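Observations on chain architecture
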Amino acid sequence: MFAKWAKKLTENMGLKILALVMAVILWVAVFNLDDPTINKQFTCGITVDNENFITAMGKYYEIDSDSMNVTFNVYGKRSIVNQLNNSDFKAVADLSQISLDKSENSVPVSISSQRSASQVTISKRVQQIRVRLEDLMRKSFIIQTESQGEPAEGYALDAMDVTPNVLRVSGPKSVVSKIQEVLAVIDISGMSTEITDNVVPALYDKNGKTVDITRLTLNLNTVTVKAGVVSKKNVPIKVNYSGSPAEGFEVVALDTQPEEISIQGDSDILNAISAITIPEGLINVEGMEEKLRQQVDITKYLPSGVTLSDSTQASVTIVVDIEEMERRMFTVPTKNIEIDNLPEGSKVDFNSKQVSIPIYGLKDDLDALEADTLHPILDVSGRVSGSHVGQLKLILDNKYIAGEATVSYRIVSDDSQGGDSSADQEE
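Residues numbered from 1 in each chain as written. Predicted model: local features only at pLDDT ≥ 70, side-chain atom pairs only at ≥ 80, totals over all residues. Heavy atoms only, no water.

A short note on the overall build of the protein
On a plain count of helices and strands, the protein comes out with seven helices and 28 strands. Out of the 427 residues in the protein, the part that is buried amounts to 34%. A sequence separation of at least 24 residues applies to 74% of the contacts in the protein between residues at least 6 apart. (Helix = DSSP H or I, 4+ residues; strand = E, 2+ residues; numbered from the N terminus. Buried < 20%, exposed > 50% of the residue type's maximum accessible area, 1.4 Å probe, protein only. Contact = heavy atoms within 4.5 Å.)

In structure tokens form, the structure reads like this:
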């Protein structure tokens, strides 16, 4: 039985083998017509590896943003390829494989499939990207604080504090070398109590322009700034002087520039301060004949716990205006002379109707003085009847100085005729 079947199987063996081959070929053809091999384009972002290799060289690398994506073709069965998307691929630029060249530095980019890797083929699996290298610079900066705006009325900004206070920066030397200062700016508009805020530090160059940080690496993004507040008030400056100007000269004005300053501190302390006084011993005009101008550090005379609201007011200018006095003769009617200590029953007769009195003062002041308003005083105490010469005393405002003046007169009894007295005339 077996032999019979074996004979039938081996009959026409050539035709049977040919039929089998044709069947396989037909099957492959049908299969390919139903799921053909296709070519599809994909794009994915480039991942950079081994960045430390570049920094270890003391260099900063930069790749154009336009070059951070790679496009490639993938071959495979339609059923496989059509199921893939961009995220199924990975492109890696290994900086440790950088090829250094004076004109152009390049790094290979290796592309791989994360899905169905054995069933697809990637064209140009390794591509090249250009990398720019520049000297790497690292630098630390003390963060300075700055305020913007004004606190509430009657208040002033006190001390400011920033935490942390050091910013470490790394990046291309061409950018880092431009940084002049780092500021943390806090808005104090309308504040009347202490405030705390998180602030992004700003980097400035020597011209006060902000430095672009997109190519820089910073050790921190924000800092905490604390700003205190104290009471504030304006007070005048009081100043006196010591000594006397040269003879014939007088202090005509004493001014300070500025006339008042703004101080700040605890409200209990400020309420007790009405003025800041500069000791008179500091300004000495002894023997001077011209205007005195003297700079004074006002901070030395501030009470404990008080500071200036505006540091530019620390230097105060004291101006003492000294002018030469003018001598002018005033003719005063003798009838204006007041008699002191005249004995009862006596009277005084003057030998002339007028007397000249020298008065010293500034021109404007002397111009305003009228002779008829002057009332000299003659003291006749101890005098007896007869002819005399007496010293006149003139009481004036302190902006005038009366010189020496004498007057000739006779003391007579009320019942005498004025011609019998023989007293000697006194000089």
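Some details on the sheet that holds strand β28 (residues 406–413)
Taken in spatial order, the five strands line up as β22-β25-β26-β28-β23 in an open sheet, and their pairing is mixed. Unpaired on one side and paired on the other, β22 (338–340) and β23 (346–350) mark the two borders of the sheet. Between one strand axis and the next, the sheet turns by 40 degrees as a mean value, whatever way the strands run. Sheet topology places β23 next to β28; five bridges connect them, and they run antiparallel. Note that in β28 the partner of F350 across the bridge is Y409. (Pairing = 2+ DSSP bridges. Axes fitted to C-alpha atoms, helices over the stretch in contact; angles between N-to-C directions.)

Looking at the pairing of strand β14 (residues 223–239)
Sheet topology places strand β8 (residues 155–163) next to β14; seven bridges connect them, and they run antiparallel. By the bridge assignment for β14, L157 is matched with V229. The pairing of strand β11 (residues 195–199) with β14 spans five bridges and is classified as antiparallel. Bridge pairing in β14 links T196 to K226. Relative to strand β16 (residues 260–265), β14 runs antiparallel, the two being bridged by six bridges. By the bridge assignment for β16, K232 is matched with Q264.

Things to note about the sheet that holds strand β21 (residues 326–333)
Spatially, β21-β24-β27 is the arrangement adopted by the three strands of the open sheet, whose pairing is antiparallel. The open sheet terminates on both sides in strands that have one partner only, identified here as β21 and β27 (401–402). Summarising the sheet, strand β24 (residues 354–361) and β27 pair through two bridges and their orientation is antiparallel. Among the inter-strand pairings, I359 is bridged to a residue of β27, identified as A402.

Concerning the pattern of salt bridges
Applying the stated criterion across every chain, the model contains eleven salt bridges. With a closest N to O distance of 3.3 Å, R215 and E134 form a salt bridge. Separated by 81 residues along the polypeptide, R215 in the loop between β12 (202–204) and β13 (217–218) and E134 in strand β7 (residues 126–148) bring together distant segments of the chain. Across the pair E326 and R328 runs a salt bridge, and its minimum N-O distance is 2.9 Å. Exposure remark for E326: the relative accessible area of 29% places this residue in the partly exposed category. In this structure R328 comes out as partly exposed when scored by relative accessible area, which is 22%. In this structure, a network of salt bridges that share partners links the residues E62, D64, R132, E134 and R215. (Salt bridge = Lys/Arg side-chain N within 4 Å of Asp/Glu carboxyl O.)

Brief notes about the pairing of strand β3 (residues 69–77)
Strand direction decides the pairing type here: strand β1 (residues 37–49) and β3, joined by nine bridges, are antiparallel. Directly across from G45, in β3, lies its bridge partner N69. In this sheet, strand β6 (residues 120–122) lies alongside β3 in antiparallel orientation, the contact comprising three bridges. The residue bridging Y75 from the neighbouring strand is T121, located in β6.

Quick look at the environment of E289
Within the secondary structure, E289 is located in the loop between β17 (276–278) and β18 (292–297). When the C-alpha atoms of E289 and E324 are compared, they prove to be 7.2 Å apart, with 35 residues separating the residues in sequence. Apart from the residues within four sequence positions on either side, E289 is in contact with A246, F249 and I322.

Points about the packing of aromatic side chains
Applying the stated criterion to the full structure yields three aromatic pairs. Judged by centre distance (4.8 Å) and plane angle (45 degrees), the ring pair of F42 and F89 falls under tilted. A residue pair is termed long-range when its members are at least 10 positions apart, and F42 in strand β1 and F89 in strand β4 (residues 89–94) qualify at 47 residues. By relative accessible area, which is 6% here, F89 ends up buried. Here the aromatic residues F42, F72 and F89 are joined through ring pairs into a cluster of three or more. (Phe/Tyr/Trp six-rings, centres within 6.5 Å; stacked < 30°, edge-to-face > 60°.)

Quick word on the environment of D414
Take D414: it is sitting in the segment after β28. Put simply, D414 and G345 are 69 residues apart on the chain and 5.7 Å apart in space, counted from C-alpha to C-alpha. Setting aside anything within four residues of it in sequence, one finds D414 in contact with G345, S346 and K347.

Points about unusual backbone geometry
Cis geometry marks the peptide bond from T163 to P164; its omega dihedral reads -15 degrees. Position of P164 relative to the elements: it lies in the loop between β8 and β9 (166–172). At S116, a residue that is not glycine, the phi angle is positive and equals roughly 55 degrees. Take S116: it is sitting in the loop between β5 (105–113) and β6. Here N341, not a glycine, exhibits a phi torsion of approximately 60 degrees, which is positive.

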